[in-house]
Amino acid sequence: MEKWDGSAGTSAFHMPEWMIQFADQKQEFNKRPTKISRRSLSRSISQSSTDSYSSEERPQQPSTGYSLPHSAQTKAKGTLPAPKEAMKIWLAYPAASYTDSSDDETSPRDKQQKNSKGSSDFCVKNIKQAEFGRREIEIAEQEMPALMALRKRAQGEKPLAGAKIVGCTHITAQTAVLMETLGALGAQCRWAACNIYSTLNEVAAALAESGFPVFAWKGESEDDFWWCIDRCVNVEGWQPNMILDDGGDLTHWIYKKYPNMFKKIKGIVEESVTGVHRLYQLSKAGKLCVPAMNVNDSVTKQKFDNLYCCRESILDGLKRTTDMMFGGKQVVVCGYGEVGKGCCAALKAMGSIVYVTEIDPICALQACMDGFRLVKLNEVIRQVDIVITCTAPQPSVLKGNKNVVTREHLDRMKNSCIVCNMGHSNTEIDVASLRTPELTWERVRSQVDHVIWPDGKRIVLLAEGRLLTLSCSTVPTFVLSITATTQALALIELYNAPEGRYKQDVYLLPKKMDEYVASLHLPTFDAHLTELTDEQAKYLGLNKNGPFKPNYYRY
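What counts and what doesn't
Residues numbered from 1 in each chain as written. Predicted model: local features only at pLDDT ≥ 70, side-chain atom pairs only at ≥ 80, totals over all residues. Heavy atoms only, no water. UniProt positions renumbered as here; feature names shortened; annotations may be inferred. Helix = DSSP H or I, 4+ residues; strand = E, 2+ residues; numbered from the N terminus. Buried < 20%, exposed > 50% of the residue type's maximum accessible area, 1.4 Å probe, protein only. Contact = heavy atoms within 4.5 Å. Areas by Shrake-Rupley, 256 points an atom, 1.4 Å probe, with all protein chains shown as cover. 1 Å grid on protein atoms, 1.4 Å probe; cavity = no way out; pocket = protein on both sides within 12 Å on 5 of 7 lines; lining within 4 Å. Points joined across faces, edges and corners; volume = space filled by probe spheres on them. Nonpolar A, V, L, I, M, F, W, Y, C, P; charged D, E, K, R; others polar. Pairing = 2+ DSSP bridges. Axes fitted to C-alpha atoms, helices over the stretch in contact; angles between N-to-C directions. Salt bridge = Lys/Arg side-chain N within 4 Å of Asp/Glu carboxyl O.

Under an unreviewed UniProt entry, the name given to the protein chain is Adenosylhomocysteinase, and the organism recorded is Alligator sinensis. Note on the protein chain: under the UniProt heading Sequence similarities (unreviewed entry), the record states "Belongs to the adenosylhomocysteinase family."

Right, here's the structure in full:
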């Protein structure tokens, strides 16, 4: 297999045969499924997470599209309920993204489940949900053109044959497409979730049914979280040789519990700023045992996943959890990195009055030039309707900040102020300070809590201060296709790189890889790139096929 050189400042990139551009790509990707019924489509779209009914026990959906509680449907067949009872029924309607409808409170760790092939090497909420999860994965495939192209063009060569990848990421339909692509390219995979709230139970079931050892469910405890990671790693007769991590918890666990495994691990691919920060810390201390790829700071991750993804998902998460109207609301966004920029742009477009807090004068100046008022949090905390923290997506020398919103801020907030976090880690909001005897916690719906003060004031806390995007909503599949394709290519490169190409350090992705990932997504828009002439390429000192920008260029 041909390789590319990922070292900074070099242009020794040789495109493998299966990466050659193809003219008819659009026709290959834009095919739509022809046998998805209306019911399965609406089911797949509306159900985004966790405890859902199996096909045998799911009640019939009313024509309005709402999923009524079973008790409400029973009453609907007879006389109308009394006003007070009707209010109870209305409050019981689940939001579109919540499928916490199962009465089964048994921990998946206590269940004995097998898939249709007789395998029990997994731990999910309910293996019977696999059919619904499969439909969601099929829908996601239509919005992930680059991964599907990679799967089709490279599966004959099997560039990951022999790879044993252990992964710890959000387990969603988009991740499932990535996992199945890695499998099609020859890899064996074992997977756990990087967030206790973001797993889509039906998708995890579909993966388990397909033979992937998946250990994850929505609503894990902290003990469950580490147990799942350990079940992925500590397997008799199977040892990973590649790591795909999101947040660094998997890498941390192996370093802590199974350090000898790094003798056979060829590399780490890390997606998040928190995980990348941990890798740089290990590298600085001389404790990084293997090469690592920093996917987070690639252009395709920073500009598309962080900016465009959050620009859409912030509204989705807030709307699904609170049903609020954004027009005229006062919002303060803490942090104006790529995620902060996306959040501010979306809220401004919806008519909200947006304030920004920043520590970096460059980001602060960008906020001012974009028309936002730069303030200190103390100056507006009494008047704002929504507080959003997003300090985590900073350059990799930093990580998500700690106690951006303190107990003092929380005490001064107005009644019904909404508080949420768009960063990876849950350190930005001082949630621990709210767990005191004088405050009352009231669960309103899945991932929504009222924290009530003695005088009756309450705030609305979303996802207990954890990542809003995947805890309370979904994210645009097309954007995740960009990140997932980058992850797949990084795994292929590290796994196939000859010994000595990468040392025990953290590497940025080659510029050519970023450009290739972007080019795979252009046919979806019927976009046509202009090509340099030989004369133009010579004049600019560029290769006609790229890379087109130096490594230091800021897009």
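Undergrad: How would you summarise the overall build of the protein chain if you had to cite specific residues and measurements?
TA: On a plain count of helices and strands, the protein chain comes out with 20 helices and 15 strands. Counting every position in the protein chain, which comprises 555 residues, the buried fraction comes to 55%. Pairs at least 24 apart in sequence give 73% of the contacts found in the protein chain among residues at least 6 apart. Accessible area of the protein chain: about 25,400 Å², with a carbon and sulfur share of 52%.

Undergrad: Can you explain empty space enclosed by the protein? Please cite residues and give values.
TA: Take a probe with the size of a water molecule and roll it over the atoms, and the empty space left behind shows itself. Scanning the entire structure with this criterion turns up two cavities of 30 Å³ or more. Looking at the largest cavity, its volume works out to about 510 Å³. In terms of lining, the largest cavity is formed by 30 residues, of which the most central are His170, Asp246, Glu271, Lys301 and Asp305. For the lining of the largest cavity, the elements supplying multiple residues, two or more each, are α7 (173-184), α12 (299-322), α17 (468-472) and α18 (477-496). Ranked by the residues each element gives to the lining of the largest cavity, the list is headed by α12, at five residues. Partitioned by chemical class, the residues of the lining of the largest cavity number 13 nonpolar, 13 polar and four charged.

Undergrad: Please set out the environment of Val333 residue by residue, giving values where relevant.
TA: Of note, Val333 is situated in strand β7 (residues 330-334). Between the alpha carbons of Val333 and Cys343 there is a distance of 7.6 Å; along the sequence they are ten residues apart.

Undergrad: Lay out the sheet that holds strand β5 (residues 267-270) in plain terms, naming residues and giving numbers.
TA: Taken in spatial order, the seven strands line up as β3-β2-β1-β4-β5-β6-β15 in an open sheet, and their pairing is parallel. The outermost strands of the open sheet, each flanked by one partner alone, are β3 (214-215) and β15 (506-508). Bridge count between strand β4 (residues 242-245) and β5: four bridges; the pairing is parallel. Of the residues in β5, the one forming a bridge with Leu244 is Val269.

Undergrad: Give me the packing of helix α6 (residues 145-154) against α18: which residues, what numbers.
TA: One way to put it is that α6 packs onto α18 with a least axis distance of 7 Å and a crossing angle of 35°. Between α6, through Pro145, Ala146, Leu147 and Leu150, and α18, the contact on the second element is made entirely by Phe478, Ser481, Ala484, Thr485, Ala488 and Leu489. Here the contact of α6 with α18 is built from residues that sort into eight nonpolar, two polar and no charged.

Undergrad: Which residues make up the pattern of salt bridges, and what values go with them?
TA: Counting across every chain of the model gives 20 salt bridges. In this structure, the salt-bridge partner of Arg320 is Asp316, at a minimum N-O distance of 2.6 Å. Placement of the pair is Arg320 and Asp316 together in helix α12, with a separation of four residues, close to one helical turn. Pair check on accessibility: Arg320 and Asp316 agree, each one buried. The network of salt bridges with shared partners includes Arg435, Arg443, Asp449 and Glu464.

Undergrad: Report on the sheet that holds β7, specifying residues and quantitative values.
TA: Read across the open sheet, the eight strands follow the order β9-β8-β7-β10-β11-β14-β13-β12; overall the sheet is mixed. At either margin of the open sheet sits one strand with a lone partner, and together these are β9 (373-374) and β12 (440-445). One ladder, built from four bridges, connects β7 with strand β10 (residues 386-389); its direction is parallel. Across the sheet, the residue bridging to Cys334 is Thr389, located in β10.

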